[in-house]
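Residue strings, one per chain:
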Amino acid sequence: VPSVELDYCCRRLSHDDQMWHAISAGRACVRACLEHVSSPEVIGVSFNGGKDSVVMLDLILAEAGVDVVSKMKIFMIGEEDEFEEVRQYRESYLVSRLGAKGVDPHSILITVPSTVGGIREGLTVLKKEYGLEAVFLGVRRDDPSAKYQKTAIEPTTAGWPELMRYSPTYEFLYHDVWRYCHDRRIPVCELYANGYTSLGCIGTTRPNRALLVSSGTGGEDKVLPSYRPAWLLEDAAMERDGRQAHHPHSKTTTSNTNTTTDATNHAGGASGGGAHL
């Protein structure tokens, strides 16, 4: 039974009413989607490898099982400026959860080219090509950019491809995400251990200043700044503090960016925001 492991997790966390509520609401959201659609093949899953999408996928897997989830259309909207660490993590995580040794991660994940546009255009392409009826998104209600989404289950608004959006993580708060990952022993992208609390494009993302331990030193013996990990952020309202203009300590490597999150953050119709990394 796919949900047995998650049931065990719920019992372990039953002393915490908020966590119990978040997990229960997430499971109910997944069930509602499965009951609403005609088949798993018409469900899209927005997965970029960020902390929220990882919790979302875990909830879906626990409730539906690998066989059912493997029939869904797991996707991300590609961009041109992605952290290499995020790309590597996303590919290895998907293979570990949905594939087998030697499986090409690209056979699991559908990447919509950045040339298509943002999340609105990406969903339009996905709906047309795969006949999507619903989409899972990693939106949380405590994320300021989730202001357009008022509940975990809502249809897209006018001007967007007609879909039902389901957000299993909607009732999770920032620290709930980390506690859930810790309790479930879910690995996350290594950047979170280095002070990044929200990930977007390389040029507009930096470690969170609230987690700064040492400013580092200049000169010949230059030492880079050091930061505490994301899960030690005390004020959850500062989660997106690092999502600003280019920072001198940001990495400069490039790849095809992961901003399924960043794009959905401004998707007032499709995701209502909050599906950030």
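Residues numbered from 1 in each chain as written. Predicted model: local features only at pLDDT ≥ 70, side-chain atom pairs only at ≥ 80, totals over all residues. Heavy atoms only, no water.

1. A look at the sheet that holds strand E5 (residues 153–155)
Read from one edge of the open sheet, six strands run E3-E2-E1-E4-E6-E5, paired in mixed fashion. Of all strands in the sheet, those with a lone pairing partner are strand E3 (110–112) and E5, marking the two edges. Taken over all neighbouring pairs, the strand axes of this sheet differ in orientation by 30° on average, direction set aside. Sheet topology places strand E4 (residues 134–136) next to strand E6 (residues 164–166); three bridges connect them, and they run parallel. Considered in E6, the bridge of phenylalanine 136 is made with tyrosine 166. The strands touched by helix H2 (residues 17–36) within the sheet are strand E1 (43–46), E4, E5 and E6, with E6 carrying the most contacts at an inclination of about 150°. On top of the sheet, helix H3 (residues 51–64) reaches E1 and E4; it is set at about 145° to E1, its chief contact. (Pairing = 2+ DSSP bridges. Helix = DSSP H or I, 4+ residues; strand = E, 2+ residues; numbered from the N terminus. Axes fitted to C-alpha atoms, helices over the stretch in contact; angles between N-to-C directions. Contact = heavy atoms within 4.5 Å.)

2. Looking at the environment of cysteine 201
Mapped onto the secondary structure, cysteine 201 falls in the loop between helix H7 (174–184) and strand E7 (212–214). Look at cysteine 201 and you get buried, because its relative accessible area is 14%. For cysteine 201 and phenylalanine 83, which are 118 residues apart along the polypeptide, the C-alpha to C-alpha distance reads 7.2 Å. (Buried < 20%, exposed > 50% of the residue type's maximum accessible area, 1.4 Å probe, protein only.)

3. Concerning the packing of aromatic side chains
According to the stated counting rule, one finds eight aromatic pairs in the structure shown. Ring geometry for phenylalanine 172 against tyrosine 180: centres 5.7 Å apart, planes inclined by 90°, an arrangement best described as edge-to-face. Comparing phenylalanine 172 with tyrosine 180 shows no difference in burial state: the two are buried. (Phe/Tyr/Trp six-rings, centres within 6.5 Å; stacked < 30°, edge-to-face > 60°.)

4. Observations concerning helix H6 (residues 119–130)
If you check H6, its first and last C-alpha atoms are 16 Å apart, about what 12 residues at 1.5 Å a residue would give, namely 16 Å. Those residues of H6 not exposed but buried are Ile119, Gly122, Leu123 and Leu126. Each buried residue of H6 sits inside an arc of 95° when the element is viewed along its axis, so together they form one side. Note on H6: the residue one or two positions beyond its end, glycine 131, has a positive phi of about 65°. (Expected span 1.5 Å × (residues − 1). Arc of directions from axis to C-beta.)

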